Amino acid sequence: MSTPAQEFLRSAAIKSADLEHRRTIRAGIDHYEAAVDRAGARFLDWEAARQRLHEIKWEAVNHLDRYLLEFEMRVKERGGHVYWAETAEDARQYIADLAAQRGVRTVVKSKSMVTEEIDLTHTLEKKGVTVFETDLGELIVQLRNEPPYHLMTPAMHLTRAEIAKLFGEKFGGVESDDPQHLVAVARRALRKAFFSAEMGVTGANFLVADTGMIALTTNEGNGRLGSSLPRIHVAVAGIEKVIPRMEDLALIWPTLARSAVGQSIACYNTLIGGPRTASEPDGPEEFHLVLLDNGRSELLADSEQRDVLHCIRCGACLNVCPVFRKVGGHSYGTVYGGPIGSVLMPHLGGLSKYQHLSFASSLCGACTKACPVKIDLHHHLLHNRRNAVQSTERPASERLAFRLWSWAMMGERRFALLGSAARVLLRGVQALGLARTPLDPMRPWTEVHAAPAIPKKSFRALWREQHGAS
Amino acid sequence: MEQRRKRIGAVENLKETCPETMHNGQPMQTIALFIPCFVDQLNPAVGIDMARVLRRIGYAVRFPEAQTCCGQPAFNSGYWHEARPVAERFVRVFRDADAIVCPSGSCTTMVRNFYPELLAGTPILAEAKSVAARVYECCEFLIKIAKVTDVGASFPHRVTYHDACHALRELHLKQEPRELLRHVRGLEVVEMPYCEECCGFGGTFATKFPMISSAMGETKSINVEASGAEYVTSTDSSCLMHIDGILRLRKSSARTIHVASILAQTALPSENASISTVAERTR
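Residues numbered from 1 in each chain as written. Chains lettered and ligands numbered in written order. Predicted model: local features only at pLDDT ≥ 70, side-chain atom pairs only at ≥ 80, totals over all residues.

Visitor: Where do I start with the overall build of chain A in this structure?
Guide: Broken down by element type, chain A carries 23 helices and 10 strands. In terms of overall dimensions, chain A has C-alpha extents of about 95 × 55 × 50 Å along its principal axes. Within chain A, the fraction of its 470 residues that count as buried is 46%. Once local pairs closer than 6 in sequence are excluded, the contacts in chain A between residues at least 24 apart make up 72%. (Helix = DSSP H or I, 4+ residues; strand = E, 2+ residues; numbered from the N terminus. Buried ≥ 20, exposed ≤ 12 C-beta atoms within 10 Å, placed from the backbone. Contact = placed C-beta atoms within 7 Å.)

Visitor: Is there a simple way to explain the sheet that holds strand β3 (residues 30-33) of chain B in this structure?
Guide: Pairing between the strands of a sheet is mediated by backbone hydrogen bonds and can be parallel or antiparallel. All names here are of chain B. Spatially, the 4 strands line up as an open sheet ordered β4-β3-β5-β6, and their pairing is parallel. Each having just a single partner strand, β4 (60-62) and β6 (135-137) make up the two edges of the open sheet. On average, each strand axis in the sheet is tilted by 35° relative to the strand beside it, whichever way the strands run. Inspection of the sheet shows strand β5 (residues 99-102) paired to β6 by 3 bridges, in the parallel sense. Residue pairing in the sheet places Ile-100 in a bridge with Val-135 of β6. (Pairing = 2+ DSSP bridges. Axes fitted to C-alpha atoms, helices over the stretch in contact; angles between N-to-C directions.)

Visitor: Would you mind going over helix α8 (residues 136-143) of chain A with me for this structure?
Guide: Given 3.6 residues per helical turn, the α-helix brings residues three or four places apart onto the same face. All names here are of chain A. Here α8 lies mainly inside the structure; 7 of its 8 residues are buried. Among all positions in α8, only Leu-136, Gly-137, Glu-138, Leu-139, Ile-140, Val-141 and Gln-142 are buried. Each element contacted by the buried residues of α8 is listed here: β3 (130-133), α9 (160-170) and α10 (179-196).

Visitor: What am I meant to see in the packing of helix α16 (residues 338-349) of chain A against helix α17 (residues 351-359) of chain A here?
Guide: Between two packed helices, the angle of one axis relative to the other and the distance separating the axes together describe the packing. Residue and element names in this part refer to chain A. Contact pair α16 / α17: the axes reach a minimum separation of 8 Å and the direction vectors enclose 175°. The pairing of α16 with α17 is recorded here as roughly antiparallel in orientation. Across the interface between the two elements, Gly-341, Ser-342, Met-345, Pro-346 and Gly-349 from α16 touch Leu-351, Lys-353, Tyr-354, Gln-355, Leu-357 and Ser-358 from α17. By residue class, the composition of the contact of α16 with α17 is 5 nonpolar, 5 polar and 1 charged. (Parallel < 35°, antiparallel > 145°, perpendicular 65-115°, else oblique. Nonpolar A, V, L, I, M, F, W, Y, C, P; charged D, E, K, R; others polar.)

Visitor: How should I be thinking about the domain arrangement of chain B in this particular structure?
Guide: You'll often see interface size given as the accessible area lost when the parts meet. All names here are of chain B. Examined at the domain level, chain B breaks down into domain 1 (2-145) and domain 2 (158-282). Facing the 28 residues of domain 1 at the interface are 26 residues of domain 2. Where the side of domain 1 that touches domain 2 is concerned, the elements lending two or more residues are α2 (37-42), α3 (44-56), α4 (72-76), α6 (105-118) and α8 (138-145). In terms of residue count, the dominant contributor to the side of domain 1 that touches domain 2 is α3 (7 residues). Broken down by class, the residue content of the side of domain 1 that touches domain 2 amounts to 14 nonpolar, 10 polar and 4 charged. (Domains from an automatic or database assignment.)

Visitor: Honestly, helix α2 (residues 19-40) of chain A in this entry has me stumped. Any pointers?
Guide: All names here are of chain A. Taking 1.5 Å of rise per residue, 22 residues should cover 32 Å, and α2 covers 31 Å from first to last C-alpha, within 8% of that figure. Turning to α2, its buried residues are Ile-25, Tyr-32, Val-36 and Ala-39. Along the axis of α2, the buried residues cluster in a sector spanning 60°; they form a single face. Residues of α2 that are exposed and angled more than 90 degrees away from the buried face: Leu-19, Glu-20, Arg-23, Ala-27, Asp-30, His-31, Ala-34 and Asp-37. Turning to α2, the residues buried within the fold contact α12 (249-261), α14 (316-320) and α15 (322-327). (Expected span 1.5 Å × (residues − 1). Arc of directions from axis to C-beta.)

Visitor: What exactly am I supposed to notice about the interface of chain A and chain B here?
Guide: Facing 48 residues of chain A, the contacting portion of chain B comprises 55 residues. When the residues that make up the side of chain A that touches chain B are grouped by side-chain class, the tally is 29 nonpolar, 9 polar and 10 charged.

Visitor: I tried to follow the domain arrangement of chain A on my own but got confused; where do I start?
Guide: All names here are of chain A. Under the domain assignment, chain A is made up of domain 1 (1-41 + 317-394), domain 2 (48-294) and domain 3 (409-467). Taking only C-alpha atoms into account, the centre of domain 1 sits 24 Å from that of domain 2. Facing 21 residues of domain 1, the contacting portion of domain 2 comprises 22 residues. Residues belonging to the side of domain 1 that touches domain 2 are distributed by class as follows: 11 nonpolar, 8 polar and 2 charged.

Visitor: Whenever I open this one, the nonpolar core confuses me. Can you help?
Guide: Within soluble globular proteins, side chains that are nonpolar tend to cluster in buried spots. A:Val107, A:Leu207, A:Val236, A:Leu292, A:Cys317, B:Val101 and B:Leu263 are the most contacted members of the largest nonpolar core, which has 217 residues in total. Here this core gets 8 residues from one element, more than from any other, and that element is helix α5 (residues 80-94) of chain B. Not counting the four nearest positions on each side in its chain, A:Val236 is found in contact with A:Ala91, A:Ser112, A:Val114, A:Thr115, A:Ile118, A:Val201, A:Gly203, A:Val290 and A:Leu292. (Core = buried A, V, L, I, M, F, W, Y, C linked by C-beta atoms within 7 Å.)

Here it is in structure tokens:
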């Protein structure tokens, strides 16, 4: 059994060299970036929008206690149930028990990363419940029996042809790889599921405190069907999803749509207030909201990284990340991939298990620049690295190397002497034709680079020649 | 320890003996050269070239020899405890400098953006912030402080500019290097696709994850080639060393050159003597 770090290295090496994967992702990202630019042009001042959104989320996250209680009170007033789940286990147990008590045989799910976090689908399936993913991308990866590739675009890694082949095998009746046709094939299968399901499970993009409603955004309308047709609607949300006021959505919705997929606004934005009332002809009979903590309270207590709770799961940081573009979403081996995942997973799953992800970054900062709520993502990777060095096992050789490095840098004479010695050695290795062989001390650099020209003299030596000793 | 302090102090108190230079009737500041450790050891020509450019536009320059490294390798690897004394040393070495100019956006970022966090709670913090406010990346200094766009350079080649991440996203330098390049005689700036995408160097990242780093470098090299440029330039030798290693592996005709080395080139051959030998060496 290999560790997550070893698995990451193995998978990242394979994917980084996979040119077809690189092409597929580049095509998807090009399409995304063009759309983001178009949608961005509709903002008078994008930076001001980011700043305002940051402030809204800051207010919510720094007053979570107040806003969550306000939200809970209003949901209950309308006859909804609120369950506070401290762990992923609590959350899936509550939903599994509910399904068992109500005799649920079929569940329709709309896209929700938090249900991936609590591994809901497998839990329900083990109890004999049939679970249908109803978001097209989620359906595709479910049929392939793999986790979502990307937290916003789960089937980003697949081409139309691959999807047509998959649907042909699973559903039949596939005549072309035209997207409209493929959607029609999926719809035929899913409509039956919508009408037979006793329970609909959704996430919640936002929990609106002042009205006690959940805000649900989809582009396919599946969230609306799943939350209104079945008898029971269960929504699962992390505690950080609360926002103070309904009017905040006026800015949040277009910002989310732009950052997520480059739209001006998503096709379906729904506010759901609870179960159907006596005067309403339709809607679910029961509404349950599962509020998930699962490590978030500890993150809230971390004043340095608290802003990670601002995340609205738009996926923009993944799209712009040059590492993500190379290693792909599955290499991370985590529910949340890309920069936000590398920052968040040590908090949700333990630093020692996930610290390697914080090192697998060139710290380029593209994620931080793209983040619509201004999370200081790449600096948090630095914080995780520091925490890893302080609290978990880093290799003894690395610790020793940096202790020696620190010593060498504390004197200009030793620095110059060691530098000269290293250059003499490297020039010797190159002169003997040993560069890029196992005897080259510059490996692993020279394994993937042509050997650099090593100068005879350092800057300080040249300077001394020209100016004398200072 | 005490003796070491004295030694550093003695070195840093020695000012450049150059005659005072006048600029528009005003005495110019003396610039302290901040030469990153890898430039010192692996790309010395870049430092020499930057000094030449600064002198040409009328500044006196000095090289505080007590400098070693800014501490970034350890800081970025999580070894803040090991980075701290090195950063403190840097602050002591440069505390009397009027202006500190560096041929690297990354090392400038370390001092300006990260020292306040690294040295928080230490007695040297106030001095560190003061030093941080006086450190500039080379192009930034030329455009924003010296207010020069034309440094009298000549480089008749087609050049593409790679936006080094720290210069772009930490120091917010986008137009400054391009502005300087546009004023170089004979030089044609051509933009490459995805010029803002990281080249994949990332310090220890390149040795910890060589397969990811080199894949990123490969994408960058393909984009350099697509631009049709003869040279790719940037503010950072580290990015360029990485890109150069991959370009040459690909047998590409494109070459790397630091922006300071372009700015140092003039139409007068005698002035370029030392540069051309260095350029040959890096080829």
